[in-house]
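Here is what each chain is made of, one letter per residue.
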Amino acid sequence: MSIGFVVSGICISLLINMVYFSKDKIRSYETTLYGYLIIVNLIGSMLEFACVIVCSIDTSPLLLRDILVKEYMVFLVGWLILFLYYVLIITCETYNKFRKKLQKITTILFVIGAITISILPIEHINIGDVVYSSGLAVNTTYLFSGIIVLSMLVVMLTHIKKLRSKKYLPLLAFLILGTIVSLWQFIHPELLLITVMESYVILVMYFTIENPDVKMINALNLAKDTAEKANRAKSDFLSSMSHEIRTPLNAIVGFSECIKNADSLEEAKEDASDVITASNTLLEIVNGILDISKIEAGKLELVETDYNIKKILKEIVRLIEARIGDKQLEFKVNIAEDIPEVLYGDHANIKKILINLLTNAVKYTDEGYVSLDVKCVKKNEICRLFISVKDSGRGIKQEDMSKLFTKFQRVEEDRNTTIEGTGLGLAITKQLVEMMNGNIVVNSQYGEGSEFKVAVDQRISKAKIEKEEEIEEEVDLTGKKILIVDDNQLNIKVVEKLLKQYNVEIETAESGMECLEKIKSGKEYDLILLDDMMPKMRGTEVLRRLKVNPGYKTPTIALTANAINGMKEQYIKEGFDDYLAKPIDKQELNRILIKYLKNNHSTNTNEDISNEQAINKALKLLENIDVYNKNKE
Ligand code: ADP
């Protein structure tokens, strides 16, 4: 009868292995483990079969019997340990996190079990056609198995909630059935029931928790739900964006029309300042969208440099004061004296975080005050900045607190209708703080005010940062010559207009090739504003070709709409002298013009080059142009 159980166990196991491995299935850690369970079960069933055959032959060598039976018992313990590991992985996420540690522990357990079983004595009993084994090795196997089954029971009972799900019933069934069968076999050792019972358990599991078809359908449903959710989020995003973008755009178009038809210069100037305000709002929205999409794609990296924190705080204060404008708000600023002069970190992120929090404080406070407090605690090389932005504004309801940092989520929408916003600011702020391993907390009393507190670590730098000169408002650069290279005529027009007040001589080029030809023809400039994203030849390529000539010293500024965090450093690495983002910030343009033209920074030493060098330069340039023309063909 026993051999019948063993053979039926092998058949079931073989069948499951064949069906399971021939099917397409979801690849997951859980299914891999199940795969191991059924393979090990098949090996065990065959081992058991071999044991029965060898032990029933009276003349078979004792050593062979010992080895085979002990191997079989090692299999029993091994399979149970694998099953315990499987149960741990599927019942609790926490165990999943410590997979590696668990693997080590279970392997050690298995090795201890295998060694103990291998060295303990065993007896083989043949009474008529009844064959079984006993002795210390067998009893130890029962003991180990009992401990493992008990551990499984503890794990399952501690995660009873998950087990309530019907599909986990086979695991519970295994425990109950396993205990009964093991006790039965203990009393009747000639009945070889354990392996066949294991085969039945994996068979039941195949039709329940490990069914590849069901798993595939579940995975497909999950993917469908996720895709639908993403689609819904995208639609919501588009409709909210369309509204947010249209509002300032409407103002820009409307006021521009008014400027065109304005009766007086005064009137036109007033409308123009509204156009600027609306454009800045639009820019903020676009930057917010770019930031959040970069963060979500995991493409936003920290750009760490030395920076002067007090200077940055000063800039922010100036900006926020401008935002407060006519609002009856007191702006209290308290910056601790002991904050180190130069820090090392991502100052652009710090700036963004502070601007977001302070802009919100100003937006959502009608009267009273907005305060900025910056303190620090220094330890060795690290300076922990404690930033607090407090206001006496409308406050946030307790039930809305959890929505604050969710993107595109604005709270109190009905009260917010007149306040511009996308619901992105705090989501970006939180992500940026977390990127810098800091944290952000909020305290708020509805109707009384809010306080946002941020703590971030920055390294204290020993570097000295050159004091930048105060930027003058009006500079006359008569006699200086600037080349603007941009494929878009409208962009050229904007730069020309912005440069008008400086009295500079302007030349334009609408492509990289035109720029190269101008320089090749011997024209000289004091500054080149070079757009990067041009068709046919990018600005970076133009610069590379210009720099082939070692005598090329004209300050070349990257003029680009590629304005994400870290781009400035990238362009400077590529050889540009500086970087000007589109839309052009007037103050930034002013800074660049002063830096490179007013202080005679321009070291256009073309004249210094010897004739021979000049000829070489021209030849190289011609060569480059030829190569380019050929490529184009
Ligand atoms: P936005 O300001 O663009 O709507 P945010 O993500 O910056 O988006 O803020 C989300 C919401 O949190 C805002 O809509 C506003 O209702 C609320 N909120 C943020 N800061 C404050 C604050 N200082 N006081 C009151 N409410 C605030």
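This text goes with the structure placed above it.
Residue positions within a chain follow its written sequence, with the count starting from 1. Per-residue local features are limited, in this predicted model, to residues with pLDDT of at least 70; the limit for side-chain atom pairs, both in listing and counting, is 80 or more; totals at the level of whole chains, interfaces and linings are taken over all residues. The basis for every side-chain value is the complete set of non-hydrogen atoms in the structure, without hydrogens or water.

## Notes on the side chain of Asp-526
Right, so step 1: Helix numbers and strand numbers start at the N terminus; a helix is a DSSP run of H or I with at least 4 residues, a strand a run of E with at least 2. When you line up the elements, Asp-526 lands in the loop between helix H17 (512–520) and strand E12 (527–531).
Right, so step 2: Buried charged residue Asp-526 carries no salt bridge. Nearest counter-charge: Lys-480, at 4.7 Å.
Right, so step 3: Polar contacts, as used here, are pairs of N or O atoms within 3.5 Å; protein pairs need one atom able to donate a hydrogen and one able to accept it. Residues neighboring in sequence count only if both atoms are side-chain atoms. Separated by 2.7 Å, the side chain of Asp-526 and the backbone nitrogen of Lys-481 make a polar contact. Burial classes: relative accessible area under 20% of the type maximum marks a residue as buried, over 50% as exposed, and values in between as partly exposed (1.4 Å probe, protein chains only). In this count, Lys and Arg are taken as positive residues and Asp and Glu as negative ones, while His and the chain termini are left out. Take a side-chain nitrogen of Lys or Arg and a carboxyl oxygen of Asp or Glu: if they are within 4 Å of each other, that pair is a salt bridge.

## Looking at the nonpolar core
Soluble, globular proteins show a tendency: their nonpolar side chains are buried together.
Right, so step 1: As used here, the term nonpolar core means buried Ala, Val, Leu, Ile, Met, Phe, Trp, Tyr and Cys residues forming a set that is joined through side-chain atoms within 4.5 Å. Ranked by size, the top nonpolar core spans 58 residues in total, and within it Tyr-34, Phe-83, Tyr-86, Met-152, Leu-171, Phe-174 and Met-205 carry the most contacts.
Right, so step 2: Secondary-structure elements contributing two or more residues to this core are helix H1 (2–22), helix H2 (29–56), helix H3 (62–91), helix H5 (99–119), helix H6 (136–158), helix H8 (169–187) and helix H9 (194–207).
Right, so step 3: For this core, the leading source of residues is H3, giving 20 residues.
Right, so step 4: Not counting chain neighbours up to four residues away, the residues in contact with Tyr-86 comprise Glu-30, Leu-33, Tyr-34, Leu-37, Leu-171, Met-205, Ile-209 and Glu-210.
Right, so step 5: Ranked by size, the runner-up nonpolar core spans 52 residues in total, among them Ile-295, Leu-300, Val-370 and Met-401. Here a residue-residue contact requires only that any non-hydrogen atoms of the pair lie within 4.5 Å.

## A closer look at the packing of helix H10 (residues 212–260) against helix H11 (residues 265–296)
Right, so step 1: Direction vectors running N to C along H10 and H11 enclose 160°, while the axes themselves pass 8 Å from each other. Comparing their axes, H11 and H10 come out roughly antiparallel. The crossing of H10 and H11 is left-handed. For the pair H10 and H11, contact is made by Phe-237, Met-241, Glu-244, Ile-245, Pro-248, Leu-249, Ala-251, Ile-252, Phe-255, Ser-256, Cys-258 and Ile-259 and by Ala-268, Asp-271, Ala-272, Asp-274, Val-275, Ala-278, Ser-279, Thr-281, Leu-282, Ile-285 and Ile-289, respectively.
Right, so step 2: Each residue gets one label: Ala, Val, Leu, Ile, Met, Phe, Trp, Tyr, Cys and Pro are nonpolar, Asp, Glu, Lys and Arg are charged, and the others, such as Gly, are polar. Of the residues belonging to the contact of H10 with H11, the class tally is 17 nonpolar, 3 polar and 3 charged. Convention adopted: a line fitted to C-alpha atoms gives each axis, helices being fitted over their contacting stretch, and angles between N-to-C directions are expressed from 0 to 180 degrees. In what follows, roughly perpendicular refers to angles from 65 to 115 degrees, roughly parallel to angles under 35, roughly antiparallel to angles over 145, and oblique to any angle outside these ranges. Left-handed is the label given to a crossing in which the near helix is rotated counterclockwise from the far helix by less than a right angle, and right-handed is the label when the rotation is clockwise.

## A short note on unusual backbone geometry
Right, so step 1: Of note, the amide linkage connecting Lys-582 to Pro-583 takes the cis form, showing an omega dihedral of -5°.
Right, so step 2: As for its placement among the helices and strands, Pro-583 is situated in the loop between strand E14 (578–581) and helix H20 (586–598).
Right, so step 3: In this structure, Asn-437 is a non-glycine residue whose phi angle is positive, near 60°.
Right, so step 4: Within the secondary structure, Asn-437 is located in the loop between helix H15 (425–435) and strand E8 (439–445).
Right, so step 5: One non-glycine residue, Lys-536, lies in positive phi territory at about 70°.
Right, so step 6: In this structure, Lys-536 sits in the loop between E12 and helix H18 (539–546).
Right, so step 7: Residue Lys-536 is classed as exposed on the basis of its relative accessible area of 70%.

## A short note on a nonpolar patch on the surface
Right, so step 1: Like charges are joined within 9 Å and nonpolar side chains (Val, Leu, Ile, Met, Phe, Trp, Tyr) within 5 Å, but only among residues with over 30% relative accessible area and no salt bridge; these make up the patches. Here the accessible surface of atoms and residues is derived via Shrake-Rupley with a 1.4 Å probe, and residues count as covered only by protein chains that are part of the display. Together, Ile-3, Val-7, Phe-49, Ile-53 and Ile-57 line one region of the surface with nonpolar side chains, adding up to about 350 Å² of accessible area.
Right, so step 2: Summarising the element assignment, Ile-53 is placed in helix H2.
Right, so step 3: For Ile-53, a relative accessible area of 36% gives the class partly exposed.

## Overview of the packing of H3 against H5
Right, so step 1: One can describe the packing of H3 onto H5 by two numbers: an axis separation of 9 Å at closest approach and a directional angle of 160°. Here H3 is positioned roughly antiparallel relative to H5, judged by the angle of their axes. Both H3 and H5 take part in a crossing whose hand is right-handed. Between H3 and H5, the residues in contact are Lys-70, Met-73, Val-74, Val-77, Gly-78, Ile-81, Tyr-85, Leu-88 and Ile-89 and Arg-99, Leu-102, Gln-103, Thr-106, Leu-109, Phe-110, Ala-114, Ile-117, Ser-118 and Ile-119, respectively.

## Description of the environment of Lys-430
Right, so step 1: Along the chain, Lys-430 turns up in helix H15.
Right, so step 2: Put simply, Lys-430 and Val-441 are 11 residues apart on the chain and 9.4 Å apart in space, counted from C-alpha to C-alpha.
Right, so step 3: Beyond its immediate stretch of four places on either side in the chain, Lys-430 contacts Phe-405 and Ile-440.

## Remarks on the site of the ligand
Right, so step 1: We define proximity as follows: a residue is near a molecule or strand when any one of its heavy atoms falls within 4 Å of that partner. Taken together, 21 residues sit near the ligand, with Asn-360, Tyr-364, Arg-410, Thr-422 and Leu-426 positioned nearest.
Right, so step 2: Lys-363 is positioned such that a nitrogen or oxygen atom in its side chain is 3.0 Å from an oxygen atom of the ligand.
Right, so step 3: At a separation of 2.9 Å, a nitrogen atom of the ligand approaches a polar side-chain atom of Asp-391.
Right, so step 4: About the coverage of the ligand: the protein hides 98% of its 540 Å² of free accessible area.
Right, so step 5: For the shell around the ligand, the secondary structure elements donating two or more residues are helix H13 (347–363), H15 and strand E9 (449–460).
Right, so step 6: When residues of the shell around the ligand are assigned to their parent elements, the largest contribution, 3 residues, is made by H13.
Right, so step 7: Tallied by class, the residues present in the shell around the ligand amount to 8 nonpolar, 9 polar and 4 charged.

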